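Working through the structure, step by step
Read off the chains here:
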Amino acid sequence: MLFYTDGQAYVFLAMLVCGALVGAWYDVLRRVRRLTMAGGVLTALLDVLFAVGALLETCGFLFLATRLDVRLYALLGAACGVTLYRFGLQPALDAVVGFLQKQLSKFVQKHVFKEIFHFFCK
């Protein structure tokens, strides 16, 4: 009888990707919450949306990678993926998004107000 080690690397990597995608899903909803200055009701709605999305995504990845044969290393892979996203990719993406927001803000202030001022001065 063979030990069940053939697909462990594949399952771990698949669940690592799953965890990173769950982290990205959280980040998207975090940005929505921040942009809308969400109150209590919208925050609760976004939390439920995150939980449902993360559950569906995790179950989908578990089904594709393991046919729902849940093993500890699969769950550890998902946890490592979330951690990798949170401490590796998220700070870099936050810097890029912040830079793009500043550039867009400068562009809008420079061009839109100039056009509005020019329109009223005719």
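We now turn to the structure provided with this report. (Residues numbered from 1 in each chain as written. Predicted model: local features only at pLDDT ≥ 70, side-chain atom pairs only at ≥ 80, totals over all residues. Heavy atoms only, no water.)

1. Some points on the nonpolar core
Of all hydrophobic cores here, the largest spans 11 residues; its members are V11, A14, M15, C18, V22, A54, L62, A65, Y73, A74 and A78. Put simply, the parts of the chain that give this core at least two residues each are α1 (8-36), α2 (40-66) and α3 (72-120). For this core, the element with the highest residue contribution is α1, accounting for 5 residues. Ignoring anything within four residues of it in the chain, the contact list for A14 reads F61 and A65. (Core = buried A, V, L, I, M, F, W, Y, C linked by side-chain atoms within 4.5 Å. Buried < 20%, exposed > 50% of the residue type's maximum accessible area, 1.4 Å probe, protein only. Helix = DSSP H or I, 4+ residues; strand = E, 2+ residues; numbered from the N terminus. Contact = heavy atoms within 4.5 Å.)

2. A short note on α2
Taking 1.5 Å as the rise per residue, α2 with 27 residues should run 39 Å; its terminal C-alpha atoms sit 38 Å apart, in good agreement. Within α2, the full set of buried residues consists of L46, G53, A54, E57, L62, A65 and T66. Following α2 by one or two positions, R67 adopts a phi angle in the positive range, close to 55°. (Expected span 1.5 Å × (residues − 1).)

3. Considerations on the packing of α1 against α2
Their axes nearest at 10 Å, the elements α1 and α2 cross at an angle of 165°. When the axis of α1 is compared with that of α2, the two are roughly antiparallel. Like other packed secondary-structure pairs, α1 and α2 cross with a definite hand, here right-handed. (Axes fitted to C-alpha atoms, helices over the stretch in contact; angles between N-to-C directions. Parallel < 35°, antiparallel > 145°, perpendicular 65-115°, else oblique. Left-handed = near helix turned anticlockwise from the far one by under 90°.)

4. As for the pattern of salt bridges
Counted according to the given criterion, the structure contains 6 salt bridges. Between D27 and R31 there is a salt bridge, with the nearest N and O atoms lying 3.6 Å from each other. With D27 and R31 both in helix α1, this residue pair falls 4 residues apart, about one helical turn. A salt bridge links R31 to D94; its shortest N-O distance comes to 2.3 Å. Note that R31 is positioned in helix α1 and D94 in helix α3, a separation of 63 residues in sequence. Judged by its relative accessible area of 23%, R31 is partly exposed. Each of the salt bridges in this network shares a partner with another, and the network as a whole consists of D27, R30, R31 and D94. (Salt bridge = Lys/Arg side-chain N within 4 Å of Asp/Glu carboxyl O.)

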